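# Secondary and tertiary structure notes
Each chain, written out:
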Amino acid sequence: MITLITGGSGSGKSAYAEDQVLLEGEARRIYVATMYPYDKESHHRIERHRRMRAGKGFETVECYTNLKELQVPKDSVVLLECMSNLVANEMFQPKGAHERTVEEILQGVRVLEKQARHLFIVTNEIFSDSMEYEEETKLYQNYLGQINIKIARMAERVVEVVYGIPIENKKGQKKNDSIVEQF
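The structure reproduced in this document is the subject of the present report. (Residues numbered from 1 in each chain as written. Predicted model: local features only at pLDDT ≥ 70, side-chain atom pairs only at ≥ 80, totals over all residues. Heavy atoms only, no water.)

### Notes on the state of the cysteines
- This model, assessed by the stated rule, comprises zero disulfides.
- With no disulfide of its own, Cys-63 lies closest to Cys-82 among cysteine sulfurs, the gap being 13 Å.
- Judged by relative accessible area, Cys-82 falls into the buried class, the value being 5%. (Disulfide = S-S within 2.5 Å. Buried < 20%, exposed > 50% of the residue type's maximum accessible area, 1.4 Å probe, protein only.)

### A few points about the sheet that holds strand β6 (residues 157-162)
- Strands sit in the order β3-β2-β4-β5-β1-β6-β7 across an open sheet of seven strands; the sheet is mixed. Strand pairing shows two members of the sheet lacking a second neighbour, β3 (58-62) and β7 (165-171), which therefore form its edges. Averaged over neighbouring strand pairs, the angle between their axes works out to 20° when direction is ignored.
- Bridge count for strand β1 (residues 2-7) against strand β5 (residues 118-124) is six bridges, and the pairing is parallel. Looking across to β5, one finds that Ile-2 is bridged to Leu-119.
- On the sheet, helix α2 (residues 40-53) packs against β2 (29-33), β3 and β4 (77-81) and is oriented at approximately 155° with respect to β3. (Pairing = 2+ DSSP bridges. Helix = DSSP H or I, 4+ residues; strand = E, 2+ residues; numbered from the N terminus. Axes fitted to C-alpha atoms, helices over the stretch in contact; angles between N-to-C directions. Contact = heavy atoms within 4.5 Å.)

### Observations concerning the environment of Ser-128
- Along the chain, Ser-128 falls in the loop between β5 and α5 (135-154).
- Taking the C-alpha atoms as reference, Ser-128 lies 9.1 Å from Gly-8; in sequence the two are 120 residues apart.

Distances and angles like these do not, on their own, reveal function.
Put into structure tokens, the structure is as follows:
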């Protein structure tokens, strides 16, 4: 089962996702950390997320690229945090998938879904502004948009967190074929 959790920066989506994992009861809790520690700000964000999940029974696995190779315990509850970072890593890291980013990440999601009892995926909503970006950023947005749409179609639940309030956009359905692919 997949639950996709989205929201803007600082919306409370990570805290909500962690709470949802805790509601799954007794299971191994795997936190797939995707933020590559490349500067002072990223180190601060990583430390803040570690403090948030301290004492909640998560086992942390760092995975910056090549999600399809990740093995998690059967029937574990997995929180992948966050798709936005994974897309950037696959696009820009030397060992990343580059132009195959969308396909590689979706394959990795399918592999994790088969292993986990429940896979929670956190992603960012970055499409609300009307700014004009450089081509590289537009490509990143395009890749993330494609991935988010396809995961939403795969997911049983899609939740948007706004100001700490979860809004159910899809509940109890799989493969919503009424969604029109825009990419």
